[in-house]
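Here are the chains, one letter per residue:
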Amino acid sequence: MSFKGDNVNSFDVSARDPDPNRLVLAYFHSVATLNYLRAMVAGGVADLHDPKRWDLRNVLSESVRKEYEKVVDRIVDTFNFLNVFRADTAEVLKKVDIFTSHEALLLNYEEALTRKSSSSDDYFNLGAHFLWIGDRTRQIDGAHVEYFRGIENPVGVKVGPSTKPEELKQLVQILNPKKEEGKLTLITRYGAKIIADHLPEHIRAVQSTGVPVIWCCDPCHGNTETVDGVKTRRFESIVKEMCLAFKLHAEHGSRLGGVHLELTGEDVTECVGGASGTSDLSTNYSTYCDPRLNYTQRLDIAISNAHEIGNHVTHNRTSKNNNAATQNNFK
């Protein structure tokens, strides 16, 4: 049997039989991780008052460090201004709320964590705030879509190049029949080379239904390739797909609402490129499944993302000002 993931069996070829106790162990590790995150937040790790202590000189290249320091300087200037009015004491500036999500692949696990509300007839999955259906399990008449149709959590669906526009129309209407804002997220994953061939037609298909969705770009999965028998992703391709998603949404009267990344805080060498200059995958390749962005690469992505958001905000403001000026000229 193939390795199905740690929740099912072992990577060790001698222990490939499915073991239900692994689902219980997965739950334990999830709880332990959440408790660790809560402890970190309570300890002030997310406090914005002292960004200078976020010393990353040992992991950033010269160019990325300068960009990072600009961001830190702007945060410091903002807090110095707020301090004049004693407006920098709000709790929201000292901590963050934690929300969790995962792909609901193993329905036996998800069903065990589903509960009926005590105050209504609604059902909720209590294992995460947000769940999504993978690109390979989004069949209209499949069990995953049927399960998602019955829960009130905000949900997502991976949308790839094999998704037919007509199929997408059906999906959004099944998963968000009440047309609720924020209920449904479409997570696109095409690949930098073909995103322009598919995203526009998917945007048009969803717009024709009138169903509100949040568009999210997954620039990782569609850019996976194999080099010398090892799965990897090129940093430049990831950034390119993300930037193209911003551009294509703007061109088609839509808006990119989020980015979905696979990353780790560890200094792994699983994706090539970026400011870290990662090229030798064998240095610290530790994933059993998909290659992840390392600590430095994810900061590169964050800075690129900030640039794109800034560019689009500036473009929108310029367009509004030009429109206002044109209207005044006709008065």
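Residues numbered from 1 in each chain as written. Predicted model: local features only at pLDDT ≥ 70, side-chain atom pairs only at ≥ 80, totals over all residues. Heavy atoms only, no water.

K.L.:
Help me understand the pattern of salt bridges, please; the structure alone is not making it clear to me.
P.N.:
Using the criterion set out here, one finds 13 salt bridges in the structure. Across the pair Glu146 and Arg149 runs a salt bridge whose closest N-O atoms are separated by 2.8 Å. In this pair, Glu146 and Arg149 are both assigned in helix H4 (residues 143-149), three residues apart and thus about one turn of the helix distant. In this structure Arg149 comes out as partly exposed when scored by relative accessible area, which is 47%. Notably, a salt bridge pairs Arg292 with Glu270, separated by 2.8 Å at the nearest N-O pair. (Salt bridge = Lys/Arg side-chain N within 4 Å of Asp/Glu carboxyl O. Helix = DSSP H or I, 4+ residues; strand = E, 2+ residues; numbered from the N terminus. Buried < 20%, exposed > 50% of the residue type's maximum accessible area, 1.4 Å probe, protein only.)

K.L.:
Just checking my understanding: could you explain the packing of helix H5 (residues 165-175) against helix H6 (residues 195-209) for this structure?
P.N.:
Helix-helix packing is described using two parameters, namely the angle between the two axes and the distance between the axes. Following both chains from N to C, one finds H5 and H6 inclined at 45°, their axes separated by 9 Å at the closest point. Between H5 and H6, the crossing angle belongs to the class labelled oblique. For the crossing formed where H5 meets H6, the hand is right-handed. Across the interface between the two elements, Pro165, Leu168, Lys169, Val172 and Gln173 from H5 touch Glu201, His202, Ala205, Val206, Ser208 and Thr209 from H6. Looking at the contact of H5 with H6 residue by residue, the class counts come to five nonpolar, four polar and two charged. (Axes fitted to C-alpha atoms, helices over the stretch in contact; angles between N-to-C directions. Parallel < 35°, antiparallel > 145°, perpendicular 65-115°, else oblique. Left-handed = near helix turned anticlockwise from the far one by under 90°. Contact = heavy atoms within 4.5 Å. Nonpolar A, V, L, I, M, F, W, Y, C, P; charged D, E, K, R; others polar.)

K.L.:
Just to check I follow, could you spell out the sheet that holds strand E1 (residues 101-103) for this structure?
P.N.:
Within a sheet, adjacent strands bond to each other through the backbone by hydrogen bonds, running parallel or antiparallel. Pairing in this open sheet of six strands is parallel, and the strands run E1-E4-E5-E6-E7-E10 from one edge to the other. Each edge of the sheet is formed by a strand with only one pairing partner; in this case those strands are E1 and strand E10 (256-259). When strand polarity is set aside, the average angle formed by the axes of neighbouring strands in this sheet is 30°. Of the strands in this sheet, strand E5 (155-159), strand E6 (184-188) and strand E7 (214-217) are in contact with H6, which crosses E7 at around 165°. Sheet strands in contact with helix H7 (residues 235-251) are E7 and E10, and its direction is about 165° off that of E10. (Pairing = 2+ DSSP bridges.)

K.L.:
How should I be thinking about the environment of Leu186 in this particular structure?
P.N.:
Among the secondary structure elements, Leu186 is positioned in strand E6. Sequence-wise, Leu186 and Gly258 are 72 residues apart; in three dimensions their C-alpha atoms are separated by 9.9 Å. In this structure Leu186 touches Val157, Val159, Leu168, Val172, Val206, Val213, Ile214, Trp215 and Cys216, once residues within four positions along its chain are discounted.

K.L.:
What is the right way to read the packing of H6 against H7 from this model?
P.N.:
It is at 10 Å that the axes of H6 and H7 come closest, and there the two elements cross at 40°. Helix-helix and strand crossings are classified by hand; for H6 and H7 the assignment is right-handed. Here Ile195, Ala196, Leu199, Pro200 and Ile203 of H6 come into contact with H7, specifically with Glu241, Leu244, Ala245, Leu248 and His249.

K.L.:
What am I meant to see in the packing of aromatic side chains here?
P.N.:
Centre-to-centre distance and the angle between the planes together describe a pair of aromatic rings. The tally for this structure, following the rule as stated, stands at four aromatic pairs. When the centroid spacing of 6.2 Å and the interplanar angle of 85° are considered together, the rings of Phe3 and Tyr288 count as edge-to-face. Of the two residues, Phe3 is situated in the segment before helix H1 (21-42) and Tyr288 in the loop between strand E11 (271-272) and helix H8 (295-330); the sequence distance between them amounts to 285 residues. Considering the side-chain rings of Tyr147 and Phe148, the 5.9 Å spacing of their centres and the 75° angle between planes classify their relative orientation as edge-to-face. An aromatic cluster of three or more residues is present, and its members are Phe3, Phe11 and Tyr288. (Phe/Tyr/Trp six-rings, centres within 6.5 Å; stacked < 30°, edge-to-face > 60°.)

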